[in-house]
Amino acid sequence: MATHGGGPRPCHLLILLAAAALYSASSPAGAFYLPGVAPRDFQKDDELQVKVNKLSSIKTQLPYDYYFLDYCKPEAIKNSAENLGEVLRGDRIENSVYNFKMRRDESCKVVCRKQLSQEAAKNFKEKIDDEYRVNMILDNLPVVVPRQTREGSQTPSFEHGYRVGYKLKDDKYYINNHLSFKVLYHEDQTSPDARIVGFHVIPSSIKHEYGAWDDNNPTAQTCNANIKITPGSHTPQEVAPDAYVVFSYDVTFESSDIIWASRWDVYLLSSDSQIHWFSIVNSLMIVLFLSGMVAMIMMRTLYKDIANYNQLDNQDEAQEETGWKLVHGDVFRPPVHSGLLCVYVGTGVQFFGMTLVTMMFALLGFLSPANRGGLMTAMVLLWVFMGVLAGYTSSRLYKMFKGTEWKKITLKTAFMFPGIIFSVFFFLNALIWGEKSSGAVPFGTMFALFLLWFGISVPLVFVGSFLGFKQPAIEDPVKTNKIPRQIPEQAWYLQPAFAILAGGILPFGAVFIELFFILTSIWLNQFYYIFGFLFIVFVILIVTCAEITIVLCYFQLCSEDYHWWWRAYLTAGSSALYLFAYAIFYFFNKLEITKLVSGILYFGYMLIISYAFFVLTGTIGFYACFWFVRKIYASVKID
């Protein structure tokens with residue numbers, strides 16, 4: 001029904017979302033974003049403070065605080081304000097000793113001298129072995145290291161963060177103790193202001209030479225305006241116990257044509273964007289073609305069945321017929337463990353609502369990568385507030401099954417899925433805490449999560465459940481017989497295990513290419529911001545789950561098997577098994593994780609993701625089948 005006045009109509013909103021998806025999928029950076037983070041203007045000689053983030057490694061997946069290693073420290077270490085998402089991701093934003101003046105080059109500046117203790121040298125060597133990278137931030141831009149451009153490639157590429165150091169064939173470790181920063185800025189033609197649009201660094205290792213050391217005025221003969229320090233130009237600084245390491249840096253400012261709104265493009269552009277585009281389009285075309293064929297066959301067959309059944313003159317002829325009409329007296333019989341099914345369906349609706357709204361916000365650009373942790377924070381908060389949908393759905397379904405203990409079902413809905421997820425998360429967090437990693441969620445944040453769960457989510461589930469149970473029960477289109485009908489022996493291809501496993505292949509096929517890029521962004525320290533592709537794939541996933549479940553449900557009913565409730569949920573949900581199997585394949589073929597703790601973390605988090613995917617796809621399949629069964633039995637004449 002169209003709305004009057006100036007408000008948007010539902011069809012207009014769909015058109016806007018579709019346009020946003022197409023624009024996002026086709027834009028050069030794979031995304032666009034609305035003004036969410038205000039630009040900062042700097043005048044000449046304005047103070048610029050480099051902030052340090054964390055030490056990260058794709059080999060261990062365990063982030064560490066920057067000052068876990070014995071780097072130069074400011075007089076007072078100050079933590080920047082963190083949101084919930086940053087804490088959950090292990091980000092720690094702190095001030096550093098690297099301070100610049102806008103558009104004022106520094107040729108070579110000594111920061112401090114450190115004498116490495118036995119413990120400090122050991123930590124540096126371990127982090128170099130595990131290929132840890134240092135992440136820094138200037139004006140909300142992460143530091144990047146330029147890569148050597150491949151022949152024939154016009155697009156520059158960058159690595160996120162610089163390496164702590166390196167190890168040579170002589171089995172000696174060398175630290176990157178000199179940083180050559182380059183800050184790109186875009187000038188405003190109408191004022192003396194400029195905006196920072198790039199933050200690059202080239203790390204080097206140099207054994208500085210110096211005379212009498214003065215902490216108040218640190219200087220070195222190897223660090224002055226006439227000496228250019230580049231990788232390999234000087235004797236490198238070895239990491240060894242009791243060794244003195246002098247840290248230094250230089251900075252140059254360079255005018256750039258890059259505008260402020262496009263400064264994130266270097267982080268979002270991927271070297272395999274063409275492969276990504278063609279792979280996604282190819283996958284979507286195949287899935288759409290298969291879905292169209294399935295839908296066409298289903299509609300033609302079904303209309304023919306309904307026409308034949310409605311032309312029967314008497315009940316005797318109906319008794320001679322075989323097929324889905326014969327089980328009309330049992331098809332709406334409540335399944336075994338109906339309460340558990342209600343809980344899982346309610347949780348799935350909650351997850352679906354969270355996913356859809358998060359994707360819409362991300363698609364429209366509100367979750368900009370400049371807002372670190374914004375995506376994670378949005379998902380947690382939306383999950384909490386969607387609890388009202390979970391309670392409403394589970395209680396309405398439970399009332400349809402003639403259930404009376406709605407409070408018991410509400411408690412299960414509020415605690416079962418979050419409880420399982422939190423138990424796994426708590427175990428993994430204990431492992432991270434044991435490794436002294438900054439990725440461990442602190443006690444205060446744990447308390448905040450509990451508060452969100454028990455203080456907001458649980459009450460909302462009860463509110464939704466109360467409202468749902470007050471609604472009139474959903475009426476079945478046909479009456480259910482008192483005595484259950486005997487189910488004939490089923491063919492091997494209609495056995496539950498085979499049908500369920502076969503049903504999960506097509507939904508997984510709709511997402512597995514995009515899944516590769518998502519896993520790469522999570523485990524290989526890349527930015528994921530191609531929400532246009534993701535939105536299209538999500539729509540295809542919904543369509544595919546619905547259609548494959550309806551097809552298999554139809555074949556099941558035609559073979560006079562009326563136990564379709566759980567089968568519908570598990571058919572689409574089985575795609576989660578293939579997702580976890582792909583995660584195992586990805587682990588052994590794409591990752592270089594060797595530590596036991598890191599392997600447990602990977603499989604633990606992938607288990608959480610697969611379980612959530614099971615709940616989401618299972619609910620989509622269930623509701624598609626629920627709608628389909630009610631539709632067909634309401635369309636035939638039942639005497």
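None of these values were measured; they are calculated from a predicted model.

About the thresholds
- Residues numbered from 1 in each chain as written.
- Predicted model: local features only at pLDDT ≥ 70, side-chain atom pairs only at ≥ 80, totals over all residues.
- Heavy atoms only, no water.
- Helix = DSSP H or I, 4+ residues; strand = E, 2+ residues; numbered from the N terminus.
- Buried < 20%, exposed > 50% of the residue type's maximum accessible area, 1.4 Å probe, protein only.
- Contact = heavy atoms within 4.5 Å.
- Areas by Shrake-Rupley, 256 points an atom, 1.4 Å probe, with all protein chains shown as cover.
- Core = buried A, V, L, I, M, F, W, Y, C linked by side-chain atoms within 4.5 Å.
- Pairing = 2+ DSSP bridges.
- Phe/Tyr/Trp six-rings, centres within 6.5 Å; stacked < 30°, edge-to-face > 60°.
- Lys NZ or Arg CZ within 6 Å of the ring centre and 35° of its normal.
- Disulfide = S-S within 2.5 Å.
- Expected span 1.5 Å × (residues − 1).
- Axes fitted to C-alpha atoms, helices over the stretch in contact; angles between N-to-C directions.
- Parallel < 35°, antiparallel > 145°, perpendicular 65-115°, else oblique.
- Left-handed = near helix turned anticlockwise from the far one by under 90°.
- Salt bridge = Lys/Arg side-chain N within 4 Å of Asp/Glu carboxyl O.
- Nonpolar A, V, L, I, M, F, W, Y, C, P; charged D, E, K, R; others polar.

1. Section: the overall build of the chain
Moving on, step 1. On a plain count of helices and strands, the chain comes out with 17 helices and 14 strands.
Moving on, step 2. When the 639 residues of the chain are sorted by exposure, 50% land in the buried category.
Moving on, step 3. Contacts in the chain between residues at least 24 apart in sequence constitute 82% of all its contacts with a sequence separation of at least 6.
Moving on, step 4. Accessible surface, the chain as shown: approximately 31500 Å² in total, 60% of it carbon and sulfur.

2. Section: the nonpolar core
Moving on, step 1. Judged by nonpolar contacts, the single largest core of 166 residues is most densely connected at Tyr98, Phe100 and Met136.
Moving on, step 2. Looking at this core element by element, the count peaks at 20 residues for helix H17 (residues 596-634).

3. Re the pairing of strand S13 (residues 194-204)
Moving on, step 1. Summarising burial for S13: nine of the 11 residues are buried, a large majority.
Moving on, step 2. Two elements, strand S12 (residues 178-187) and S13, share 10 bridges in a ladder whose sense is antiparallel. What sits directly across from serine 180, in S13, is isoleucine 202.

4. Remarks on the packing of aromatic side chains
Moving on, step 1. Scanning the entire structure with this criterion turns up 58 aromatic pairs.
Moving on, step 2. Seen in terms of ring centroids, tyrosine 66 and tyrosine 71 are 4.7 Å apart; in terms of plane orientation they differ by 10 degrees. Their pairing is stacked. Tyrosine 71 shares its class with tyrosine 66; the two are buried.
Moving on, step 3. Clustering of aromatic rings is evident, with ring pairs tying together Tyr344, Phe351, Trp383, Phe417, Trp566, Tyr569, Tyr611 and Phe614.
Moving on, step 4. Taking the ring centre of tyrosine 132 as reference, the NZ or CZ of lysine 127 above it sits at 5.3 Å.

5. Regarding the state of the cysteines
Moving on, step 1. By the definition in use, this model includes two disulfides.
Moving on, step 2. A disulfide bridge connects cysteine 72 with cysteine 112, and the sulfur atoms are separated by 1.8 Å. Between cysteine 72 and cysteine 112, the S-S torsion sits near -80 degrees, and that sign places the bridge as left-handed. Of the two residues, cysteine 72 is situated in the loop between strand S2 (64-65) and helix H2 (84-89) and cysteine 112 in strand S4 (residues 106-115); the sequence distance between them amounts to 40 residues.
Moving on, step 3. Two residues, cysteine 108 and cysteine 223, share a disulfide whose sulfurs are 1.8 Å apart. Sign of the S-S torsion, about -105 degrees for the bond between cysteine 108 and cysteine 223, identifies this disulfide as left-handed. Here cysteine 223 lies in the loop between S13 and strand S14 (244-255) and cysteine 108 lies in strand S4, a separation of 115 residues in the sequence.
Moving on, step 4. Among the residues examined, cysteine 223 registers a relative accessible area of 9% and is labelled buried.

6. Quick word on helix H9 (residues 387-400)
Moving on, step 1. With 14 residues, H9 should cover 20 Å at 1.5 Å per step; its first-to-last C-alpha distance of 20 Å lies within 8% of that length.
Moving on, step 2. Residues of H9 that are buried include every one of Gly387, Ala390, Gly391, Thr393, Ser394, Ser395, Leu397, Tyr398 and Met400, and no others.
Moving on, step 3. Buried residues belonging to H9 abut helix H7 (338-363), helix H8 (374-385), helix H10 (406-434), helix H11 (443-470), helix H15 (565-573) and H17.
Moving on, step 4. The positive-phi residue at the C-terminal boundary of H9 is lysine 402, with phi of around 65 degrees.

7. Comments concerning the packing of helix H13 (residues 505-523) against helix H14 (residues 531-558)
Moving on, step 1. It is the contact of H13 with H14, at a shortest axis distance of 8 Å, that shows an interaxial angle of 160 degrees. Relative to H14, H13 is oriented roughly antiparallel. Classified by chirality, the crossing of H14 by H13 is left-handed. The segment H13 lies against H14, with Leu506, Pro507, Ala510, Val511, Glu514 and Ile518 engaging Phe533, Leu534, Val537, Ile540, Leu541, Thr544, Cys545 and Ile548.

8. With respect to the pattern of salt bridges
It is possible for side chains bearing opposite charge to pair when their charged atoms get close.
Moving on, step 1. This model, assessed by the stated rule, comprises 14 salt bridges.
Moving on, step 2. The closest approach of N and O atoms between arginine 263 and aspartate 139, which form a salt bridge, is 3.1 Å. Separated by 124 residues along the polypeptide, arginine 263 in the loop between S14 and helix H4 (265-268) and aspartate 139 in the loop between strand S5 (133-138) and strand S6 (141-142) bring together distant segments of the chain.
Moving on, step 3. Aspartate 139 gets classed as buried once you look at its relative accessible area, which sits at 13%.

9. Thoughts on the packing of H7 against H14
Moving on, step 1. Closest axis-to-axis distance for the H7/H14 pair is 9 Å, and the angle between their directions is 150 degrees. Classified by the angle between their axes, H7 and H14 sit roughly antiparallel to one another. Our pair here, H7 against H14, has a crossing hand that is left-handed. Every residue of H14 that contacts H7 at Phe352, Thr355, Leu356, Met359, Ala362 and Leu363 is listed here: Phe531, Gly532, Leu534, Phe535, Phe538 and Ile542.
Moving on, step 2. Classifying every residue of the contact of H7 with H14 gives 10 nonpolar, two polar and no charged.

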